[in-house]
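Working through the structure, step by step
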Amino acid sequence: MAASPSKKDAGAARQRKPHNASKAKAKAKDKQKKSPQTSHTNKSASGGPFGVTHDDNDEIELAQTPTAAGTPTERDGPIADAACAKKALLSHQQLEASKPGRVKRRRWFISGIIIGVAAAVTGILYANPTQSVHINHMHRVLGEFDVASLLPESLVPEDFIRDVSKLLSLDTVGPGTAANYTTGDFQPALTLAKEEGLKKKHNVILVPGIISSGLESWSTADCSRPYFRQRLWGTSTMFKAILLDKECWVKHMMLDKKTGLDPPGIKLRAAKGLDAADYFITGYWIWGKAIENLAVLGYDSSDMTLASYDWRLSYADLERRDQYFSVLQSQIEVALSASGKKTVLVPHSMGSQVIQYFMKWVESPQGGNGGADWCNRHIEAVVNLAGTPLGVPKTLSSLLSGEQRETVQPLANYLLDHFMNRNELARIFRSWTGLASLLPKGGNAIWGDLSGAPDDPDPEEAQGTNADGLEMVSYGAQIRFDSDSGVNRISNQTMEEALGLLYRVLDHDAQRLLKRDYSYGVFRTQAEMDANKDDHRVWTNPLQNQLPNAPNMTIYCLYGHGATTERAYYYAADDVAVESLHEEFGTPALRIDKRHRAHLKNVDIGIINGEGDGTVPLLSLGYMCADGWRKPLFNPHGVRIVTREFVHNPSAAFKDIRGGAGASDHINILGNHDVTADILRVVSGNGHKVEDQFNSNIRKYSSRVKIP
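It should be emphasised that the depicted structure is a prediction, and the values quoted were computed from it without experimental measurement.

Further remarks concern the sheet that holds strand β4 (residues 215-217). Strand order in the open sheet formed by three strands is β5-β4-β6, and the pairing between neighbours is antiparallel. Strands with a single pairing partner mark the edges of an open sheet, and in this sheet they are β5 (231-233) and β6 (268-270). Neighbour to neighbour, the strand axes of the sheet diverge by 40° on average, direction disregarded. Where β4 lies against β5, two bridges are found, and the strand directions are antiparallel. Residue pairing across strands places leucine 215 opposite tryptophan 233, the latter belonging to β5. The strands that helix α11 (residues 246-253) touches are β4, β5 and β6; relative to β5, the one it contacts most, it runs at about 80°.

A few words on the nonpolar core. Ranked by size, the top nonpolar core spans 155 residues in total, and within it Trp233, Trp249, Trp287 and Trp311 carry the most contacts. Residues within four places of tryptophan 311 in sequence aside, it is in contact with Gly209, Ile210, Ile211, Ser212, Ser213, Leu215, Trp233, Met253, Met350, Trp432, Gly434 and Leu435. Among the nonpolar cores identified, the runner-up in size contains eight residues, and Ala453, Ala568, Tyr570 and Leu600 belong to it.

Once that is clear, we can look at the sheet that holds strand β20 (residues 640-647). Across the sheet, which stays open at both edges, the six strands sit in the order β9-β3-β10-β11-β14-β20 with parallel pairing between neighbours. Sheet topology places β9 (304-306) and β20 at the edges, where each strand pairs with a single neighbour. Neighbouring strand axes in the sheet, compared pairwise and without regard to direction, differ in orientation by 15° on average. As paired elements, strand β3 (residues 203-207) and β9 share three bridges and run parallel to each other. Pairing of isoleucine 205 across the sheet is with threonine 305, part of β9. This element, helix α25 (residues 618-626), spans β14 (554-561) and β20 of the sheet and lies at about 150° to β14.

Let us now look at the state of the cysteines. In the structure shown here, the tally under the stated rule is two disulfides. One disulfide bridge connects cysteine 223 with cysteine 248, the sulfur atoms lying 2.1 Å from each other. One disulfide, between cysteine 223 and cysteine 248, carries an S-S torsion of 90° and so falls in the right-handed class. Pair noted here: cysteine 223 is in the loop between β4 and β5 and cysteine 248 is in helix α11, with a separation of 25 residues, a long-range link. Paired by a disulfide, cysteine 557 and cysteine 625 hold their sulfur atoms 2.1 Å apart. Torsion about the S-S bond of the cysteine 557 and cysteine 625 cystine: about -85°, corresponding to left-handed handedness. Note that cysteine 557 is positioned in strand β14 and cysteine 625 in helix α25, a separation of 68 residues in sequence. Across the protein, the way the bonded cysteines pair up, counted in sequence order, is 1-2, 3-4.

Analysis parameters
Residues numbered from 1 in each chain as written. Predicted model: local features only at pLDDT ≥ 70, side-chain atom pairs only at ≥ 80, totals over all residues. Heavy atoms only, no water. Pairing = 2+ DSSP bridges. Helix = DSSP H or I, 4+ residues; strand = E, 2+ residues; numbered from the N terminus. Axes fitted to C-alpha atoms, helices over the stretch in contact; angles between N-to-C directions. Contact = heavy atoms within 4.5 Å. Core = buried A, V, L, I, M, F, W, Y, C linked by side-chain atoms within 4.5 Å. Buried < 20%, exposed > 50% of the residue type's maximum accessible area, 1.4 Å probe, protein only. Disulfide = S-S within 2.5 Å.

Next comes the structure, spelled out in structure tokens:
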């Protein structure tokens, strides 16, 4: 048996510990100073403290976590030395007593997420110096977190910040390097201003889509106080609230089930100004590039505004609570009076339906009472970017089962998917009465029936005669059930039946609000149009209302295609009968059936994919523009319609993580150079140069739609 150390030896050892700790820290600093580049490279290659590895192809994958919380390994380099030095200052008993094990595990989990996201983004962008601005933005976002409160005891915050800073700070701005950056390059406006002489002419109002406008808290009670005038949707505050204060965040984001408005004691409002939706979070642009390009033509905040709104609300409640449409009407009228120029409205995504509603509201005696020719006198053009006139099928899955694979805001989607279950998401989604405006419109006439759909693949491809021999599933059944899906007495559902199924599973309050605010059908006669023209429920449905009496106005439809897009679904449940699908508290009894179906080419984890821009199917993007609005029933006064299609052609991720100038998927179309060029021509008074451009199958699909 080994002899026990004497008390004198133990005391001497205690006296040596601070000296050894200082020596370890000094050694770590000296090691970094001598070979910072080598140290950085080794950490990336080995996994190190950031938990990632790089292979020869620059791909990134998560490495295993450290052996135990507070136990650095030899590969941890300087951070391990510093951590060990700090650990030497505390006794084992003090270290264990300082924080419960449960808290330590939670901190490791949260800090691992932050480090993992930062390292993944950085790894993708590292190979391209032109993306350093995004990396620097991410660095600042990380800096907003209280790192010390998230990290485990064994990891020194100063060392963590230093190493993350070194990884993220790839800024090489200096003489002759500015021209390499893609963000803030003001293209294509600089080129067009020089070559085509474009200058500002019309007033411009940008209208964002769903979840694009930042929402800030004006509540002063309970948990709201720390977030006063901070954004609980958008910016890093949202991420911190979800990570560390989820219950309070959910309380703010949900609307009241009875009224569809703010819950008692809660007040969340849309942020105002151009920065309400220029960036979703630092470094992730939405309208930022469009604003830069418009500025080149001479626009500023006096003649270019962003009409942000609380996208959670139904459109009727937007006016009832915020007077949104009254303010928009007044703004356009004042601009015409002051400048003598009409306004160009540029909505994106759900913003196209907001403007569709506005054009009917402003004419109607039940709304703005502007008269039948108000739009003709005040609006030069509406430039719909990736518009959603006929809705989005993924809205159905969000409301039906609390499931979504959102592509508009990947960062928000990551947090919602990983920190909330389907029950929580369904409760939140179902409280947002504005979301229901995106449910598909037109029923089976647009989306097909069990015999097929207008946008189905050609028969020979659907039967498995394509090159790989795989079958293609028809889109006519919006919801499909396999024989062993666990759902009793429910057959495959067409779009109309699927909407009926959704109505049955909603609680009574959600059913009431849905019927109060929206209509999803089709009118086929002028008599139906006339009888319902002042019913606000049809103002968001272009198949149940007519374009305004504005023969001098132009509607442009600019959208991308060629990206895999959700079109229909396989569903399942656990031995659920029809009678038990309805649950008063909205708990989803159905779920997407994610089983692998190797024999089906267009099915992925229960999602039947089709054509579109990654979020909105081609039918919704293009039918009204290519066909519907070119018919007298829906456009009796001859509003000029121009359709412009753009093939999604993104650059490699290592060149630009957002896809570059050729990307035309749902959100990144806002940075597409060709799309931006069309916007600039319209606002400068050169819209006559912008003409139809078709390169998809939309006209073939439209010819199959059974609407006169």
